[in-house]
Amino acid sequence: MRTIKKAKERTTEDDRRLRKSVEEIIDRVLQDGDSALREYNEKFDGCSRQHLRVSREEIEEAYSRLSSEEIADLKTARANIEKFAAAQRDTVAELKDFSPQPGIFLGHRIIPVSSCCCYVPGGGYPLYSTALMLITPAKVAGVGRIAACSPVVKGTDRIHDKTLVAMDLAGADEIYAVGGAQAVAAFSYGTEEIAPVDMIVGPGNRYVTEAKRQCYGQIGIDFVAGPSEVLVIADEQADAETIAADLLAQAEHDPNAKGILVTTSEQLGKAVMQAVADQLKTLTTAGIAEKSWVDYGEIIVTDSLDEAVEMANRYAPEHLEINVEDPDAIVEKLYNYGSLFIGGNTAEVFGDYASGTNHTLPTLRASRYTGGVWVGTFLKTCTYQWMTGYGSRRIAPLVARMARGEGLEGHARAAEKRIDGDK
């Protein structure tokens, strides 16, 4: 293994100031409710609106400012996301009356969460695609109340038109013009205008991420996410220009985003380095993308595809592309990734917007233990059981013995109450 381009170490710092700042924001929202949210809107986004909930009139105005093509594009992307989410939902089945022994019947129900908040970031770009990715599977799952929120366009009182329309098209029941850690606090604990929810999903900046971490338990979350990542496995047949474009597509997200090429061809690795440099000259987002690439871009040459696979599993990237002659030969060997993109025709950016899989994915090696947001994120698998008198009497002695073995006499007696008589 040889490293052509080495990345800076990206460590998770113990940021006490961040934790304290977020804790103070949460406490302020708990104490002052909507007035705190309005104050933070003014402070961080220059927003002076009094009513946080977006009205139907505002939504209709947003539609009027979009072209028919823009609306059609959002509808097409949403349709693909919805179809895939529905197909996934069909794989999650209820289990009814499984019997491990006579007279005992077990099962589980699949129950959607009652309410959720879909957090759509604003930041440097209007991420309307995230609105589709979060709200659509929640709708397919059958969530009863879907709230959505996003910060306003800085210096205005409104959410970006495309984001607002995407939220509405995807099926949000309520939309609020609020973002940041304060939004997470509001939907976790409730304010005068915002009723709390059971779960919050969606990416955000480090303040949003820290707020989700601190509010977890009061509400459920999808996962704690960091900057975007892509890892590309490539051999000598791959196109350097295409790989460079894919790496820069991730790099332009954030100065802390990470793009990694793991290749069996040193010649390809060097060609990709040159292609990245050339493409940066004409990329409108080069200010962000170049810093990301310089600081966190990485090119590694391995002696074999198996070594490349091993490295990918160790990195556990958010996005994993396979651009090799025979991708099927290694697909089954890969097991740590947020989402997999197989073959040179399959650009990661297709998944970002419109192919149908979800783009809200685990980062910072979290794909070792979780996948991304999907329809199942909004579903609970809840078990049940029932027994006949015969089944109850038959299992009671076993349970009583086990309970006494743990010193829990009350448990044992509760079991033995079922032994005598027909219950």
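Now for a quick tour of the structure. (Residues numbered from 1 in each chain as written. Predicted model: local features only at pLDDT ≥ 70, side-chain atom pairs only at ≥ 80, totals over all residues. Heavy atoms only, no water.)

### Quick notes on the overall build of the chain
- Looking only at helices and strands, the chain features 16 helices and 14 strands.
- Relative to its full complement of 423 residues, the chain shows a buried share of 50%.
- Restricting the contact set of the chain to residue pairs at least 6 apart, pairs at least 24 apart contribute 74%.
- When the 47 positive and 63 negative side-chain charges of the chain are each reduced to one mean point, those points stand 7 Å apart. (Helix = DSSP H or I, 4+ residues; strand = E, 2+ residues; numbered from the N terminus. Buried < 20%, exposed > 50% of the residue type's maximum accessible area, 1.4 Å probe, protein only. Contact = heavy atoms within 4.5 Å. Lys, Arg positive; Asp, Glu negative; His and termini not counted. Charge placed at Lys NZ, Arg CZ, Asp CG, Glu CD.)

### A look at the pairing of strand 9 (residues 229-234)
- Extensive coverage of strand 9 is indicated by the burial of six of its six residues.
- Covered by surrounding structure in strand 9 are Glu229, Leu231 and Ile233 together with Val230, Val232 and Ala234, the residues of both alternating faces.
- Relative to strand 10 (residues 258-263), strand 9 runs parallel, the two being bridged by six bridges. The residue bridging Ala234 from the neighbouring strand is Thr263, located in strand 10.
- On the question of chirality, the crossover connecting strand 9 to the parallel strand 10 by way of helix 9 (residues 240-251) is right-handed. (Pairing = 2+ DSSP bridges. Right-handed = clockwise from strand over helix to strand, strands pointing away.)

### Here's the deal with the pattern of salt bridges
- In this structure the tally under the stated criterion is 28 salt bridges.
- Residue Lys270 is joined to Glu266 by a salt bridge in which the shortest nitrogen-to-oxygen separation is 3.3 Å. A residue pair is termed a helical-turn pair when its members lie 3 or 4 positions apart in one helix, as Lys270 and Glu266 do in helix 10 (residues 266-280) at four residues.
- Residue Lys270 is classed as partly exposed on the basis of its relative accessible area, which comes to 49%.
- With relative accessibility at 32%, the residue Glu266 sits in the partly exposed group.
- A salt bridge links Arg314 to Glu310; its shortest N-O distance comes to 3.8 Å. Placement of both Arg314 and Glu310 in helix 12 (residues 305-315) is noted, with a separation of four residues, approximately one turn of the helix.
- Overall, Arg314 belongs to the partly exposed group, its relative accessible area being 44%.
- What emerges from the salt-bridge pattern is a single network uniting Arg2, Glu266, Lys270 and Asp303. (Salt bridge = Lys/Arg side-chain N within 4 Å of Asp/Glu carboxyl O.)

### So, a negative patch on the surface
- Side chains of Glu236, Glu325, Asp326, Asp328 and Glu332 sit close together on the surface and give a patch of like negative charge.
- In this structure, Asp328 sits in helix 13 (residues 328-331).
- For Asp328, a relative accessible area of 62% gives the class exposed. (Patch = residues over 30% accessible without salt bridge, like charges linked within 9 Å, V, L, I, M, F, W, Y side chains within 5 Å. Areas by Shrake-Rupley, 256 points an atom, 1.4 Å probe, with all protein chains shown as cover.)

### A few points about the packing of helix 1 (residues 16-32) against helix 8 (residues 206-215)
- Two elements in contact, helix 1 and helix 8, have axes separated by 9 Å at closest approach and are oriented at 70°. In this view, helix 1 runs roughly perpendicular relative to helix 8, as classed from their interaxial angle. Between helix 1 and helix 8 lies a crossing of right-handed hand. Residues Leu18, Arg19, Ser21, Val22, Glu23 and Ile26 of helix 1 pack against Arg206, Tyr207, Glu210, Ala211, Gln214 and Cys215 of helix 8. (Axes fitted to C-alpha atoms, helices over the stretch in contact; angles between N-to-C directions. Parallel < 35°, antiparallel > 145°, perpendicular 65-115°, else oblique. Left-handed = near helix turned anticlockwise from the far one by under 90°.)

Read these as layout, nothing more, since geometry by itself doesn't imply function.
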